[in-house]
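Fold and geometry: a report
Here's the letter readout for the chains.
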Amino acid sequence: MSTITQTITEPLRTLQLRSESPEKTEKPAFKGTKYDHDKDAGGAKDSEYPYAWALPTFNNTTYPPLTPYEHKDPGLEALKHENPREFLQNAQVSDLTPRFGADVSGVQLTQLDARGRQQLAKFVAERGIVVFRDQDFQDQSPEWMLQDWGSFFGRLHIHPTSAHPLNHPEFHLVYRDMSKTFNYEFTDRFTSSVWHSDVTYEEQPPGLTTLFLFDSPASGGDTAYVSQVEAYKRLSPSFRAYLETLEVVHSGVEQANFSRAGNRGGTVRREPVENVHPLVRTHPVTGEKALFVNKQFSRRIVGLKQEESDAILNLLYDHLAKGVDFQVRVKWTPRAVVLWDNRITAHSAIVDFDSAQDGRRHGARITPQAERPFLNKN
Ligand SMILES: O=C(O)CCC(=O)C(=O)O
Ligand SMILES: [Fe+2]
């Protein structure tokens, strides 16, 4: 989510839920195993809304600094499979563009065994972002989503500042409704778009990331994605070679200060960190190189003069933001689940809807950490 562009103006416990607007589109009947949400709804209980358990809350819990962990990418296992796309054998797959993005129907993520999940990790690494339609994912228990699903792909990240469901800090929530209690804020900017990859200030930023919506406006609130692999390939060989010598400071300080200044929930659960990562990174499964900079968290190229660093970073931010020929825009449909590889794909929320007229948008992200970014120069 566009983490610096959200603010909380009052505790979510007082959230007034909007009644469904009559023109809202009908959602398909639920077919999977029903989870008893009321059991876990806690302070956010709302019998009208089946996803009350996932409404945003804040508490005062704080966490110590993250420690390194050894990430074994499940996608590596799929390299050994004879047919690494076996899990898609009964699915309909269409590429969103020739080299970036895919849209898949006819496979239930909840039904994938370990082998299928390994293949999924490789597939998402290859396509950058994949939409899975008509899933029963949203109606699984939060424990299943986190422990069974998310933890399979890596250690679950707890966001330092964002809201989470009452008893489940490992979800990062996206939320906007007419009560204005939890809002994207861009009144002092032309646009809501903030291209970023998530929490790149961490020593081990996320890899395979899952985002899904519980509720959304009938139209609007699409999510935009950009391929940092294709963006890298567009650069001239000599510029690429130079960029491969550089490292960048990524910082969580502004995000924490924004929260401390009374925005969002005013929460800083873990003290902010800064980490230095290669400007170009290698994906451990595909071996592909990708630009690894984003305007939200990258701050400074190590060892360059300020003007040099600013000029190169701004050039790359512009390149990523403007390259419609290596971007896709995902239109959410009820029960869609989107997976992206945060190592090689950046994204931006698109706030083109007004919740008072168009309805609530409520989603959750599961964010497993991956390896420390590295570059194989050859
Ligand atoms: O709300 C969205 O479309 C994207 C939110 C986002 O940036 C995230 O979940 O990481
Ligand atoms: Fe994000």
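Quick caveat: nothing in here was measured; it's all calculated off a predicted structure. (Residues numbered from 1 in each chain as written. Chains lettered and ligands numbered in written order. Predicted model: local features only at pLDDT ≥ 70, side-chain atom pairs only at ≥ 80, totals over all residues. Heavy atoms only, no water.)

1. Topic: the pairing of strand β4 (residues 129–132)
Within a regular beta strand, the side chains point alternately toward one face of the sheet and then the other, so they alternate between its two faces. Going residue by residue along β4, you find Ile129 and Val131 tucked away on one face and Val130 and Phe132 tucked away on the opposite face as well. Crossover handedness for the path strand β3 (residues 102–105) to helix α2 (residues 114–127) to β4: right-handed. Both β4 and strand β15 (residues 337–341) contribute to a ladder of four bridges, which runs antiparallel. Looking across to β15, one finds that Phe132 is bridged to Val337. (Buried < 20%, exposed > 50% of the residue type's maximum accessible area, 1.4 Å probe, protein only. Helix = DSSP H or I, 4+ residues; strand = E, 2+ residues; numbered from the N terminus. Right-handed = clockwise from strand over helix to strand, strands pointing away. Pairing = 2+ DSSP bridges.)

2. Focus on the sheet that holds strand β7 (residues 208–215)
Pairing in this open sheet of seven strands is mixed, and the strands run β2-β3-β4-β15-β7-β17-β5 from one edge to the other. The open sheet has two edge strands with one neighbour each: β2 (92–95) and β5 (171–176). On average, adjacent strands in this sheet sit at an angle of 20° to one another, irrespective of strand direction. Against the sheet, α2 touches β2, β3, β4, β7 and β15, its axis set at about 120° to β4. Sitting on the sheet, helix α3 (residues 142–153) is in contact with β5, β7, β15 and β17 (361–366), with an inclination near 45° to β17. (Axes fitted to C-alpha atoms, helices over the stretch in contact; angles between N-to-C directions. Contact = heavy atoms within 4.5 Å.)

3. Some words on α3
Helix length check: α3 (twelve residues) gives 16 Å between terminal C-alpha atoms against 16 Å at 1.5 Å per residue, within 8%. Listing the buried residues of α3 in full gives Pro142, Trp144, Met145, Leu146, Trp149, Gly150 and Phe153. Close packing links the buried residues of α3 with α1 (74–78), α2, β5, β7, β15 and β17. The first or second residue beyond α3 is Gly154, which carries a positive phi of 155°. (Expected span 1.5 Å × (residues − 1).)

4. What to know about the confidence of the model for the protein chain
Across the protein chain, the average pLDDT comes to 88, with 86% of residues at 70 or higher. This stretch, residues 1–45, has a pLDDT under 50; its non-local contacts, to residues over four places away or in other chains, come to 120 contacts. Overall fold confidence for the complex sits at a pTM of 0.88, while the interface term, ipTM, reaches 0.99. (pLDDT = per-residue confidence, 0-100.)

5. Some remarks on the packing of α2 against α3
At their nearest, the axes of α2 and α3 sit 10 Å apart, and the two run at 60° to each other. Between α2 and α3, the crossing angle belongs to the class labelled oblique. Our pair here, α2 against α3, has a crossing hand that is right-handed. Seen from α2, the contacting residues are Ala114, Arg117, Gln118, Leu120 and Ala121; seen from α3, they are Trp144, Asp148, Trp149, Phe152 and Phe153. Here the residues of the contact of α2 with α3 are counted per class, giving seven nonpolar, one polar and two charged. (Parallel < 35°, antiparallel > 145°, perpendicular 65-115°, else oblique. Left-handed = near helix turned anticlockwise from the far one by under 90°. Nonpolar A, V, L, I, M, F, W, Y, C, P; charged D, E, K, R; others polar.)

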